[in-house]
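Chain by chain, the residues:
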Amino acid sequence: MTADPIEGDDTMKRGPTRRDVLGHAARGAGLVAFGGAAFYLTSKADADGVWVIDPEKCINIRLGATGIEACEECATNCVLPMSAVRAVNDFAKCGRCCICPGYYEVTSDTGPDGLPTRKLCPRDAIERVPIGEVDPEDPLNNFYDYFIDESLCNGCGKCVLACKEPAGLSSLRLEVRYDLCTDCNRCSIAMVCPEDALVRIPADPA
Amino acid sequence: MVPGLLLALVVPAVTGESVLAQYVRETDVVPTDEDIGEGYKTPQVQRPLPRATWWDAVDAVVLAVSLGLSAWIVMRRRNRHALVALTITCLLYFGFYREGCVCPIGAIQNVSVAIADSTYSIPYVVIFFFFLPLIFALFFGRVFCGGVCPLGAIQDLVLLRPVQVPRRLDKGLGILKYIYLVLAVWWAVRPVADRDFIICRFDPFVGFFRLIGPGDILIFGAALLFLGIVVGRPYCRYLCPYGALLALVSRLSWRGVTITPDKELDCGLCTESCPYGAVDEMRAVRSSCLFCARCFDWCPRERVRQEGEAAGGNRLTEPRESA
Amino acid sequence: MMDGKDKERAGGLGSYRLVRTISGKGAGRGQFSEVLRAVAVDDAGSVYAVGDSHVKVFDGAGDLKHSWATERPGFCIAFDEGGAVYVGEPGQIEKFERSGKRISVWKDEERLSLVTAIGFSGEFVLVADARGRCLRRFDRQGQWINNIGKDNRTKGFLVPNGYLDFNIDAGGIIVVLNPGKHRIERYSLTGELLGFWGRFGTRRPEDFGGCCNPTNLALTREGHIVVTEKAGPRLKVYDAEGKLLALVGSEAFDANCKNMDVAADAKGCLYVVDTVRLTISVFAPETSGA
């Protein structure tokens, strides 16, 4: 590439050549162009964003989608070996039901204790703990907390779908775990989400 | 706070107190802590916070300092060992710690979208990452490629048996990166539904940084690394769309790499030493010089200068940049 | 959820057919724009519907006769023996003449924190307080006497739906739902649990599915117990001992319905609120000859 500007071959002091002047002008123009473009973009920039799941859109969460199978795209499409999307139980909204449809496979056979015999979570990631003044004899006589073991949950959304209104109180949600999310420029879940429910919002951590 | 934002998404209408909202509020009758009794406390919802914004500032500072160091090491210290140390540091930070995001190569797409789509909000850090290496290129050339870029670093470290790619083949393949750049911008500025960030999708090395990725991309990356044992930095030279931008901008650069500190010997060792075919008639071609600092080790005059320097600062001559 | 099976099983049962729907979602005077919460039918066959913080009265044909606003959102409606109309609200009960003229308001933020059912027995008024998760017995002057269903380990009924419904049978026995236990329970006025029936299950139509069902209840003149369930929504009629007599499957209601209030008139017709379409579906029993 002989046309490229290459380093001058001697150290002789000389006045600015025509080529030097043109070079300075070109660099100045480049600097102005980059600076201008950066300034223009800064005027509409935001602090860095985060990926979130819009519960109004996610088919596993939003009301009005009934008779469907859970959408498991979040579990299978994240670039991480275990998806950064996990189920989260919002305890403040949880009814503490004895027969939680997110915990039990409610269509399985009913056992002698009156409870379903199978669990819904394919990875057994939900723990069911009786709380309050516990009656060890009658399971129906207790409140229960449901804890999600995040090391097992892969965000398949089955429990979330089962708990949503009107069947449940929608206390189980799918959320992007920011401590896990690699914050990909091109979120591979967003690329396949059938509801375009993965959206970027500005992050403003406390 | 993000939890607040999430809540806003969950219950958008309650503050409006429509009739519906009043009914919804009134039927919110989950058991209270008192109902449950025995001193029960409602557990906290597991909710980690996103990466703090000040970490973006850390990324930006690391980038700026690395660019400055890269330029200083190559143009003043003229020392490959120091550059390799910087390269490894940046590979660890931008590659393995930050897992390949944020990067100027991918930022091409964000910047394109931000210009084309007024609703798209681009993070400050992405703007910074896109423009700073370009501005450095205006002054010094491709300093980003040399010591900072983790994709370049991983290739540079596997380059063990460099061979020279025939000039014509090298030039022909070099056109690919401009085509890739055009395609990447074209895919990025399409309407939201069809938009795709192909640079990120086909990033050959990010899978190694994250230790996971789609199989075909990992195979592609491994193939590039194997090829990279003999062919210097094939991704940077032939595919990298940001490399295409830097190559264009570097043609305007103010200063570049000077291989010989003073009088050339016409020995041509530097041409042989450059695994990237970036030395032409004993001078570094700015658009393709990747700031690897290999040529200094080969230059007899540079060796004399450095030995003299080590012997007690009695230099043969000043390095040329300061002249 | 199990429409096909329900219908099949229901073949051996008595059946109901939809004869009419009343009201609907809209801005019209005879419609509800956002919420339809409760229904009651008086002896004359007028249908009283509560929603949108209004009471709307329809004749048997479904035409609006008159309507009036309530002070707070209404969650239930009942008539006393004298014909006065009671509307249960958060924190209070409003008492109206049939014309809609307010007679009085009975406030008690603690014991009437969310009134979702009202019943009368002799000299007593019984109120379901969904937030207190129990029934409360008052005398006619509004003096509190005792709670019913509160004195247990869970400190009340299990009503994650936010709706506690009951009725009083001809013998003065309280019939109340405990959705979290999938039961219908019977209590005396003093709060003694006299018995219960019902169990969780999704295989047999007489069982109650989901986390918490049934949600709403009415008694017919014959003493049959009419309940509604959610997810999938359905309407079932049992005898007093819990034998399933009839079932109307989910196809009759919007799938997202929840807490569908139900009422029975003197002829045995059932009035069921579709809480999404904001209609009242009227089902008539099919006579065996028809």
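Refer to the structure above for everything that follows.
This part takes up the overall build of chain A. Of regular secondary structure, chain A possesses four helices and seven strands. Listing every helix and strand of chain A by position from the N terminus yields α-β-β-α-β-β-β-α-β-α-β. Taken over the C-alpha trace, chain A has a radius of gyration of 28 Å; the compact-globule value for 206 residues is 17 Å, which it surpasses by more than 25%. Considered along the principal axes of its C-alpha atoms, chain A spans approximately 100 × 35 × 30 Å.

Here we come to helix H4 (residues 53-77) of chain B. Residue and element names in this part refer to chain B. Along its 25 residues, H4 runs 35 Å from first to last C-alpha, staying within 8% of the 36 Å computed at 1.5 Å per residue. Along H4, the positions that sit buried rather than exposed are Asp56, Asp59, Ala60, Leu63, Ser66, Leu67, Ser70, Ala71, Ile73, Val74 and Met75. The elements touched by buried residues of H4 are helix H5 (80-97), helix H7 (124-140), helix H8 (143-148) and helix H18 (294-298). In the segment just after H4, Arg78 is the residue with positive phi, at about 55°.

Glancing now at the interface of chain A and chain B. On the side of chain B, 71 residues touch chain A, which itself brings 70 residues to the contact. Of the roughly 6200 Å² buried between chain A and chain B, counting both surfaces, carbon and sulfur atoms make up 65%. The interface formed by chain A and chain B contains one salt bridge. A salt bridge links Asp196(B) to Arg186(A); the nearest nitrogen and oxygen atoms lie 2.7 Å apart. Between the two partners, chain A and chain B, sit eight residue pairs in polar contact (both at pLDDT 80 or more).

Residues and elements named next belong to chain B. Of all hydrophobic cores here, the largest spans 82 residues; its most connected members are Ile105, Phe130, Leu134, Tyr235 and Tyr242. Take this core: its biggest share by element is 11 residues, from H7. Contact partners of Tyr235, with chain neighbours within four places excluded, come to Ile105, Leu151, Gln155, Tyr180, Ile199, Pro204, Phe205, Leu224, Cys240 and Pro241.

Turning our eyes to something else, we now look at unusual backbone geometry. Residue and element names in this part refer to chain C. Across the junction of Asn213 and Pro214, the peptide omega takes the value -10°, indicating a cis bond. Locating Pro214 in the fold gives a position in the loop between strand E17 (193-197) and strand E18 (216-219). Following Ala231, the chain continues into Gly232 via a peptide bond in cis, with omega recorded as -10°. If you trace the backbone, Gly232 turns up in the loop between strand E19 (225-229) and strand E20 (234-238). Of note, the phi angle at Ser23 is positive, near 65°, even though the residue is not glycine. Within the element layout of this structure, Ser23 appears in the loop between strand E1 (16-22) and strand E2 (38-41).

Before going further, it helps to examine the environment of Ala246(C). All names here are of chain C. Within the secondary structure layout, Ala246 lies in strand E21 (residues 244-248). Sequence-wise, Ala246 and Leu235 are 11 residues apart; in three dimensions their C-alpha atoms are separated by 8.3 Å. Those residues within four positions of Ala246 in sequence are excluded, and the remaining contacts are Leu13, Gly14, Tyr16, Leu235, Lys236 and Val237.

Time to look at the interface of chain C and chain A. With 24 residues of chain C at the interface, the matching set in chain A holds 27 residues. Between chain C and chain A, roughly 2200 Å² of surface is buried when both sides are summed, and carbon and sulfur atoms account for 55% of that area. Three residues stand out in chain C for area buried against chain A, namely Arg153(C), Phe200(C) and Asn256(C), and they jointly supply 31% of the buried area on that side. Counting across the chain C and chain A interface gives five salt bridges. Between Asp138(A) and Arg183(C) there is a salt bridge, with the nearest N and O atoms lying 3.7 Å from each other.

Residues and elements named next belong to chain C. Strand order in the open sheet formed by four strands is E10-E11-E12-E13, with antiparallel pairing between adjacent strands. Each edge of the open sheet carries a strand with a single partner, namely strand E10 (115-121) and strand E13 (144-148). In this sheet, neighbouring strand axes are inclined to one another by 20° on average, regardless of whether the strands run parallel or antiparallel. Relative to E13, strand E12 (residues 134-139) is paired through four bridges, and the arrangement is antiparallel.

Attention now goes to a nonpolar patch on the surface. Residue and element names in this part refer to chain B. There is a patch of nonpolar side chains on the surface, built from Ile88, Leu92, Phe96, Leu157 and Leu211 and spanning about 470 Å² of accessible area. Sorting elements by how many residues they give to the nonpolar patch places H5 first, with three residues. Mapping Leu92 onto the fold places it in helix H5.

Secondary-structure assignment places Cys257(C) in the loop between E21 and strand E22 (262-264). For the pair formed by Cys257(C) and Val226(C), sequence separation is 31 residues and the distance between their alpha carbons is 17 Å. In contact with Cys257(C), not counting residues within four places along its chain, are Pro166(A), Lys230(C), Ala231(C), Pro233(C), Asp274(C), Thr275(C) and Val276(C).

Moving on to the state of the cysteines. Taken as a whole and judged by the stated rule, the model has one disulfide over all chains. One disulfide in the model links Cys211(C) with Cys212(C); its S-S distance is 2.2 Å. With a relative accessible area of 3%, Cys211(C) lands in the buried category. Classification of Cys212(C) as buried rests on a relative accessible area of 0%. Sulfur of Cys94(A): no disulfide; nearest cysteine sulfur belongs to Cys97(A) and is 6.4 Å away. Of all cysteine sulfurs, the one in Cys163(A) lies closest to Cys100(A), which takes part in no disulfide; the gap is 5.8 Å.

This brings us to the packing of aromatic side chains. The relative placement of two aromatic rings is captured by the distance of their centres and the angle of their planes. Residues and elements named next belong to chain B. Counting across every chain of the model gives 29 aromatic pairs over all chains. When the ring of Tyr93 is compared with that of Tyr97, the centres are 5.5 Å apart and the planes differ by 40°; the resulting orientation is tilted. Note that Tyr93 and Tyr97 are positioned in helix H5 at a spacing of four residues, about one turn of the helix. Classification of Tyr97 by relative accessible area gives partly exposed; the value is 45%. Linked through ring pairs, Trp54, Trp55, Tyr93, Phe94, Tyr97 and Phe129 together constitute an aromatic cluster. The lysine or arginine in question, Arg190, covers the ring of Trp187, its NZ or CZ lying 4.3 Å from the ring centre. In this arrangement the basic side chain of Arg255 is found over the ring face of Trp254, its NZ or CZ atom lying 4.6 Å from the centre.

This part takes up the sheet that holds strand E24 (residues 279-285) of chain C. Residues and elements named next belong to chain C. Taken together, the four strands give an open sheet; going across it, the order is E1-E24-E23-E22, and neighbouring strands pair in antiparallel fashion. In the strand order of this sheet, the two ends are held by E1 and E22, each with one partner. Put simply, the sheet's adjacent strands are angled 25° from each other on average, direction ignored.

Residue and element names in this part refer to chain B. Summed over all chains, the structure comprises 44 salt bridges over all chains. With a closest N to O distance of 3.1 Å, Asp117 and Arg195 form a salt bridge. With Asp117 in the loop between helix H6 (104-116) and strand E1 (122-123) and Arg195 in the loop between helix H11 (176-188) and helix H12 (198-201), this pair connects stretches of sequence that are 78 residues apart. Of the residues examined, Asp117 reaches a relative accessible area of 14% and is grouped as buried.

Residues and elements named next belong to chain B. Contact geometry of H4 with H5 gives a least axis separation of 10 Å together with a crossing angle of 160°. Between H4 and H5, the angle falls in the class roughly antiparallel. Here H4 runs over H5; the crossing is left-handed. The segment H4 lies against H5, with Trp55, Val58, Asp59, Val62, Leu63, Ser66, Leu69, Ser70, Ile73 and Val74 engaging Ala82, Leu83, Leu86, Cys90, Tyr93, Phe94 and Tyr97.

Reading guide: rules and limits
- Residues numbered from 1 in each chain as written.
- Chains lettered and ligands numbered in written order.
- Predicted model: local features only at pLDDT ≥ 70, side-chain atom pairs only at ≥ 80, totals over all residues.
- Heavy atoms only, no water.
- Helix = DSSP H or I, 4+ residues; strand = E, 2+ residues; numbered from the N terminus.
- Rg over C-alpha atoms; globule rule 2.2 N^0.38 Å.
- Expected span 1.5 Å × (residues − 1).
- Buried < 20%, exposed > 50% of the residue type's maximum accessible area, 1.4 Å probe, protein only.
- Contact = heavy atoms within 4.5 Å.
- Buried area = accessible area lost by both parts, 1.4 Å probe.
- Salt bridge = Lys/Arg side-chain N within 4 Å of Asp/Glu carboxyl O.
- Polar contact = N/O pair within 3.5 Å; in protein donor to acceptor, adjacent residues only side chain to side chain.
- Core = buried A, V, L, I, M, F, W, Y, C linked by side-chain atoms within 4.5 Å.
- Pairing = 2+ DSSP bridges.
- Axes fitted to C-alpha atoms, helices over the stretch in contact; angles between N-to-C directions.
- Patch = residues over 30% accessible without salt bridge, like charges linked within 9 Å, V, L, I, M, F, W, Y side chains within 5 Å.
- Areas by Shrake-Rupley, 256 points an atom, 1.4 Å probe, with all protein chains shown as cover.
- Disulfide = S-S within 2.5 Å.
- Phe/Tyr/Trp six-rings, centres within 6.5 Å; stacked < 30°, edge-to-face > 60°.
- Lys NZ or Arg CZ within 6 Å of the ring centre and 35° of its normal.
- Parallel < 35°, antiparallel > 145°, perpendicular 65-115°, else oblique.
- Left-handed = near helix turned anticlockwise from the far one by under 90°.

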